[in-house]
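Notes for the structure review
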Amino acid sequence: MVVTVDNKERSSASARSLATIVDFTVGSHARAVAVLLAVALLGFLPGFFSIPPIDRDEARFAQATRQMVESGDYVDIRFQDEVRYKKPVGIYWLQAGVVKTASALGFPHALTTIWLYRIPSLIGAIAAVLLTYWAALAFVSRRAAVLAGLMMASCVLLGVERLIAKTDAMLLMTVVAAMGAMARAYLWQERERLDASSAWTTAAVFWTALAAGVLLKGPLIVMVVGLAAVALIVVDRSASWVLSLKPLAGIVWLAILVLPWFLAIIGRAGEAFLAESVGGDLLGKVLASQESHGAPPGYYFILFWVTFWPGATLAALATPAVWRARHEPAIKFLLAWLVPSWLVLELVMTKLPHYVLPLYPAIAILIAGAIDARALSRKPFLVRGTLWWFVVPVAAGVAGIGALAVIGRQFGLLAWPLLGAAAVMGFLAWRLYQADGAEHGLLRAVAAAILTAIAVFGVIVPSLGQLFPSATLARILRESGCAHPQAAAVGYQEPSLVFLAGTSTRLTDTLDAAEFLRGGECRFAFIEAREERSFAQRAEALGVRYSAGPRIDAINISNGRPITIAVFRSTGTS
């Protein structure tokens, strides 16, 4: 009996301390922003500086930006000699601005420092967290808005996208800004008329965010915003609120921001740009699965429970309350933001986890509103789902430690206390849910998510060197003693190798690699083991002289296959 009392007292003390933290946070907007910023940095910085390029798309984006900086051509987009017209120019300009600034400040090796290219993604992710708080204030109390921001700051999917130098974190930022502005135009007509100054400010935010989103990823932001607006107009049978967004002036402003680059690239590339961006990328993804990324409808719903963890754990508990309140203007708007675009993305043939990221802030705000209103379901079979707060950090810990043991061949002792603390916080979030309430359970789960992110991205992934053979091969070039080493690769032909080893790196076959070595000294051939015999025969036939270097045993992270790469260095011809 004494133990039970002690446990209750500890639970109560813990709940009071968490409530005190939240009370302090919601004391002012400045405090709320400061706390959200701190939590976002804790979750988003681990691994940011230490993890090499981890995604094929990341390396392609970074390399295209590098070539912009090298060539001084900020209109055309290329990976080596291949055009890249699938996405507009926005992210490349942002990355180029960071890299050029770093170079001007004397930062060494700025062109091949991947974290510099990731800075726009980091800024976009942090801004998305803060803008979720801002957008939520149009719907819910400041306390609930903070909870919505915390869900985004700890969201698994955003925690991955902030680490990848491509469009999606920045796109999320623009969508949240646009939808937050549109929400104010829609909801304020229900409460009071906007004064002229506020109306123009809201419209400026909306159209600027829309233009930025178009320059980042083309029509996706238009789809999210447009479907939400159409849904509201159809349901309400009124479009009067649209006038608050100053559509005529806004369209002119959108054209001023967007058209110059589109006209420039069409003038440069002609029909090739439209053929690849609209025909090859947009319509190709709608009508067929690209790059083996097809999946049936329901794919995003299944992934949601992991990609939006820890907030996803409360989604089922919030659903009955959201359904009951679906006719309220605020709930109606959030559902219009979420449902139409989600259905479209489930029906599109090509599916990637990050496509639904711009819809997650709406879910976060809906859940936060239900928590604040104490309207979460109390049905036992739904409440038992809070076990998910405990399962995920335990599963991540087991997988991470296993990867360290099998791939990294080490124990990763630094990760153990972090993963242990994450499991404890997840356990407390689950076991004390009914005693302390949903808000405290969510806060403990957010802590578990941050600790897991620090362990996985800050300790485990950087220790798995075998997953990043491009970094190892680039280091061999740097330590070769050559002022300007050049490389050709056969078998292993990842974009990350081009980015790290140099734009002139050849991704080729054995004959061309042998010819390449014959072209002079300080030339290297990286030959995957299955191509090694063919390369040796070609080199012998051409009379190429070379020396053998180290052999790299690795795992190709793009396909999960083990590979061995032999390094050869030219020594002249016979």
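The coordinates are above.
Computed from a predicted model, the values in this text were never measured in an experiment. (Residues numbered from 1 in each chain as written. Predicted model: local features only at pLDDT ≥ 70, side-chain atom pairs only at ≥ 80, totals over all residues. Heavy atoms only, no water.)

This part covers the overall build of the protein chain. Looking only at helices and strands, the protein chain has 25 helices and seven strands in total. Across its three principal axes, the protein chain shows a C-alpha extent of roughly 85 × 70 × 45 Å. In the protein chain, which comprises 574 residues, the proportion classed as buried is 52%. Split by element, the accessible area of the protein chain, about 25000 Å² in all, is 64% carbon and sulfur. Averaged over its 48 positive side-chain charges, the protein chain has a centre that lies 6 Å from the centre of its 37 negative ones. (Helix = DSSP H or I, 4+ residues; strand = E, 2+ residues; numbered from the N terminus. Buried < 20%, exposed > 50% of the residue type's maximum accessible area, 1.4 Å probe, protein only. Areas by Shrake-Rupley, 256 points an atom, 1.4 Å probe, with all protein chains shown as cover. Lys, Arg positive; Asp, Glu negative; His and termini not counted. Charge placed at Lys NZ, Arg CZ, Asp CG, Glu CD.)

Moving on: the packing of helix α6 (residues 142-153) against helix α16 (residues 360-372). Two numbers describe how α6 lies on α16: the axes approach to 8 Å, and their chain directions differ by 135°. As summarised for this structure, α6 and α16 are arranged oblique, according to the angle between their axes. Considering how the two elements wind past one another, α6 and α16 form a crossing that is right-handed. Counted together, Arg143, Ala144, Leu147, Ala148, Met151 and Met152 of α6 and Tyr360, Pro361, Ala364, Ile365, Ile367, Ala368, Gly369, Ile371 and Asp372 of α16 form the full contact between these two elements. Of the residues that constitute the contact of α6 with α16, the class distribution is twelve nonpolar, one polar and two charged. (Axes fitted to C-alpha atoms, helices over the stretch in contact; angles between N-to-C directions. Parallel < 35°, antiparallel > 145°, perpendicular 65-115°, else oblique. Left-handed = near helix turned anticlockwise from the far one by under 90°. Contact = heavy atoms within 4.5 Å. Nonpolar A, V, L, I, M, F, W, Y, C, P; charged D, E, K, R; others polar.)

Quick look at the nonpolar core now. Note on soluble globular proteins: their nonpolar side chains tend to be buried together. Of all hydrophobic cores here, the largest spans 163 residues; its most connected members are Met182, Phe308, Trp337 and Tyr360. The greatest single-element share of this core, amounting to 16 residues, is contributed by helix α8 (residues 168-191). With sequence-adjacent residues up to four places away left out, Phe308 is seen in contact with Met151, Met152, Cys155, Tyr360, Ile363, Ala364 and Ile367. Counting residues in hydrophobic clusters, the runner-up holds 16 residues, among them Leu477, Ala487, Ile563 and Ile565. (Core = buried A, V, L, I, M, F, W, Y, C linked by side-chain atoms within 4.5 Å.)

This paragraph deals with the pattern of salt bridges. Tallied over the entire structure, the rule returns 17 salt bridges. As a salt-bridge pair, Asp76 and Arg78 come within 2.8 Å of each other at their nearest N and O atoms. For Asp76, a relative accessible area of 9% gives the class buried. For Arg78, a relative accessible area of 33% translates into the label partly exposed. Between Asp512 and Arg506 there is a salt bridge; the shortest N-O distance is 3.2 Å. Classification of Arg506 by relative accessible area gives partly exposed; the value is 34%. (Salt bridge = Lys/Arg side-chain N within 4 Å of Asp/Glu carboxyl O.)

Turning our eyes to something else, we now look at a nonpolar patch on the surface. On the surface, a cluster of nonpolar side chains totalling about 330 Å² of accessible area is made up of Val156, Val306, Leu387, Trp388 and Val391. Here Val306 lies in helix α13 (residues 299-307). (Patch = residues over 30% accessible without salt bridge, like charges linked within 9 Å, V, L, I, M, F, W, Y side chains within 5 Å.)

Attention now goes to the pairing of strand β3 (residues 486-490). The buried count for β3 comes to four of five residues, which makes it a mostly enclosed element. Sheet analysis places β3 next to strand β5 (residues 523-528), joined by five bridges and oriented parallel. Looking at the pairing, Ala487 lines up with Phe524 of β5. Note: β3 against strand β4 (residues 506-507), two bridges, orientation parallel. (Pairing = 2+ DSSP bridges.)

What follows covers the packing of aromatic side chains. Summed over the entire model, instances satisfying the criterion amount to 25 aromatic pairs. For the ring pair Tyr300 and Trp342, a centre distance of 6.5 Å and an interplane angle of 75° mean the geometry is edge-to-face. In this pair, Tyr300 sits in helix α13 while Trp342 sits in helix α15 (residues 329-347), placing the two residues 42 residues apart along the sequence. The class for Trp342 is buried, based on a relative accessible area of 12%. With a centroid separation of 5.6 Å and an interplanar angle of 20°, the aromatic rings of Phe304 and Phe308 are classed as stacked. Across this residue pair, the class does not change: Phe304 and Phe308 are buried. Three or more aromatic residues joined by ring pairs make a cluster, and in this case those are Tyr299, Tyr300, Phe301, Phe304, Trp305, Phe308, Trp342 and Tyr360. The ring of Phe61 has Arg84 lying over it, and the distance from NZ or CZ to the ring centre is 5.1 Å. (Phe/Tyr/Trp six-rings, centres within 6.5 Å; stacked < 30°, edge-to-face > 60°. Lys NZ or Arg CZ within 6 Å of the ring centre and 35° of its normal.)

All right, on to unusual backbone geometry then. Here Trp309 and Pro310 are connected by a cis peptide whose omega angle stands at 10°. Within the element layout of this structure, Pro310 appears in the loop between α13 and α14 (315-324). Even without being a glycine, His109 presents a positive backbone phi close to 55°. Mapped onto the secondary structure, His109 falls in the loop between α4 (90-104) and α5 (114-136). On the basis of relative accessibility, which here comes to 60%, the residue His109 falls in the exposed class. With phi around 55°, Arg409 is a residue other than glycine that occupies positive phi space. Here Arg409 lies in the loop between α18 (388-408) and α19 (415-431). The exposure class of Arg409 is exposed, given its relative accessible area of 70%.

Here we come to the pairing of β5. For β5, a buried count of six out of six residues is recorded, marking the element as mostly surrounded by other parts of the structure. Of the two faces of β5, the one holding Arg523, Ala525 and Ile527 and the one holding Phe524, Phe526 and Glu528 are both buried throughout.

Counted at 1.5 Å a residue, the expected span for helix α11 (residues 247-269) with its 23 residues is 33 Å, and the 31 Å between its end C-alpha atoms agrees. Of the positions making up α11, those classed as buried are Gly250, Leu254, Val258, Trp261, Phe262, Ile265 and Ala269. With its phi angle positive at about 65°, Gly270 sits one or two positions after the end of α11. (Expected span 1.5 Å × (residues − 1).)

Another point: the side chain of Asp76. Relative to the elements of secondary structure, Asp76 occurs in the loop between α3 (56-71) and β1 (78-79). Of note is the side chain of Asp76, whose polar atom sits 2.6 Å from the side chain of Tyr85. Ignoring anything within four residues of it in the chain, the contact list for Asp76 reads Met68, Tyr85, Ile265 and Arg268. (Polar contact = N/O pair within 3.5 Å; in protein donor to acceptor, adjacent residues only side chain to side chain.)

Another aspect to go through is α6. Three or four residues apart is the spacing at which side chains of an α-helix point the same way, because the helix has 3.6 residues per turn. Here α6 contains twelve residues, and its C-alpha end-to-end distance of 16 Å stays within 8% of the 16 Å for a straight helix at 1.5 Å per residue. Counting buried residues in α6 gives ten out of twelve residues, a clear majority hidden from the surface.

Inspection of the secondary structure assignment puts Ser121 in helix α5. You can call Ser121 buried: its relative accessible area is 0%. Setting aside residues no more than four positions away along its own chain, Ser121 makes contact with Glu161, Arg162, Ile164, Ala165, Lys166 and Ala169.

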